[in-house]
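Descriptive analysis of the structure
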Amino acid sequence: QVQLVESGGGLVQAGGSLRLSCAASGRTFGSYAMGWFRQAPGKERELVATISWSGGTYYADLVKGRFTISRHNANNMGYLQMNSLKPEDTAVYYCAVKFVGDLDYGYWGQGTQVTVSS
């Protein structure tokens, strides 16, 4: 099992920045990809960004150029730097992990609320 704990959410004005962190513990040996997802009220969960074990990244078009995903493998930490935040970025943000060979992200954190005021 893997336990994931997100932190760093909060209330910020439009145009501001936040840095989310994701701490992984438990079964953290082996290669895994880490992803950040978000879910706004009344909307489906959506992918924000992913990063592979080797550092390859992917960003959803809505956040490209504003968000940066990173990770520190030795410490089993993942990060999401969010700049130029917009009210539409308001959501609960979740980190998730997918091990090599898994079909989908199977381990999820409890989420952290990000609220962007206009």
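As shown above, the structure is provided for reference.
A brief structural summary. Everything numeric here is computed off the predicted structure, so don't read it as measured data.

A look at the side chain of Thr 112
By the secondary structure assignment, Thr 112 is in strand S11 (residues 112-117). Among the polar contacts made by the side chain of Thr 112, one reaches the main-chain amide nitrogen of Gly 9 at a distance of 3.2 Å. Each residue touching Thr 112, except ones within four places of it in the same chain, is listed here: Glu 6, Ser 7, Gly 8, Gly 9, Leu 20, Ala 91, Val 92 and Tyr 93.

Remarks on the packing of aromatic side chains
Enumeration according to the criterion identifies five aromatic pairs in this entry. Over the face of the ring belonging to Tyr 32 we find Arg 71, whose NZ or CZ atom lies 4.7 Å from the ring centre.

Brief notes about the state of the cysteines
In protein structure, a disulfide is the covalent linkage between the sulfur atoms of two cysteines. Considering all chains together, one arrives at one disulfide under this definition. One disulfide in the model links Cys 22 with Cys 95; its S-S distance is 2.0 Å. Across the S-S bond linking Cys 22 and Cys 95, the dihedral sits near 55°, which makes this disulfide right-handed. Remark: Cys 95 occurs in strand S9 (residues 91-99) and Cys 22 occurs in strand S3 (residues 18-26); sequence separation between them is 73 residues. Take Cys 22 and Cys 95: they sit in the same class, and that class is buried.

Comments concerning the nonpolar core
Among the nonpolar cores identified, the biggest contains 30 residues, and Leu 4, Trp 36, Val 48, Phe 67, Leu 80, Met 82 and Tyr 93 are the most heavily contacted of them. When residues of this core are traced back to their parent elements, those giving at least two are strand S1 (2-7), S3, strand S4 (32-39), strand S5 (46-51), strand S7 (67-72), strand S8 (77-82), S9 and S11. Ranked by residue count, the leading element in this core is S9, at five residues. Excluding residues within four positions of it along the chain, Leu 80 makes contact with Leu 18, Arg 19, Leu 20, Trp 36, Val 48, Ala 49, Phe 67, Thr 68, Ile 69 and Tyr 93.

With respect to the sheet that holds S1
On the basis of which strands lie adjacent, the open sheet formed by four strands has the order S1-S3-S8-S7 and antiparallel pairing. Of all the strands in the sheet, just S1 and S7 have a single pairing partner and so form its edges. Between one strand and the next, the sheet's axes are offset by a mean angle of 15°, whatever the strand orientation. Alignment of S7 against S8, held across six bridges, turns out to be antiparallel. Paired with Thr 68 across the bridge in S8 is Gln 81.

Cut-offs used in this document
- Every chain is numbered on its own, with residues counted from 1 as its sequence reads.
- Local features in a predicted model are, by the rule used here, given only for residues with pLDDT of at least 70; side-chain atom pairs are given and counted only at 80 or more, and totals for whole chains, interfaces and linings are based on all residues.
- Excluded from the side-chain calculation are hydrogens and water; included are all heavy atoms of the structure.
- In DSSP terms, a helix is any run of H or I states spanning at least four residues, a strand is any run of E spanning at least two, and both are numbered starting from the N terminus.
- Identification of polar contacts relies on pairs of N or O atoms within 3.5 Å, with a donor-acceptor requirement for protein atoms, meaning one able to donate a hydrogen and the other able to accept it, and with residues adjacent in sequence counted only if both atoms are side-chain atoms.
- Should any heavy atoms of two residues lie within 4.5 Å, those residues are considered in contact.
- The rule is short: rings of Phe, Tyr and Trp, with Trp giving its six-membered ring, pair when the centres are within 6.5 Å, and they are stacked under 30 degrees, edge-to-face over 60, tilted in between.
- Think of it as a cone above the ring: NZ of Lys or CZ of Arg counts as a charge over the ring if it is within 6 Å of the ring centre and within 35 degrees of the ring normal.
- Our working definition of a disulfide is a cysteine sulfur pair at a distance within 2.5 Å.
- Only protein chains enter the calculation, and the probe is 1.4 Å; a residue is then buried if its accessible area is under 20% of its type maximum, exposed if over 50%, and partly exposed in between.
- In this text, buried Ala, Val, Leu, Ile, Met, Phe, Trp, Tyr and Cys residues form a nonpolar core when linked through side-chain atoms within 4.5 Å.
- For two strands to pair, DSSP has to find at least two bridges joining them.
- In this analysis, axes come from line fits to C-alpha atoms, helices being fitted only over the stretch in contact, and the angle between any two N-to-C directions falls in the range 0 to 180 degrees.

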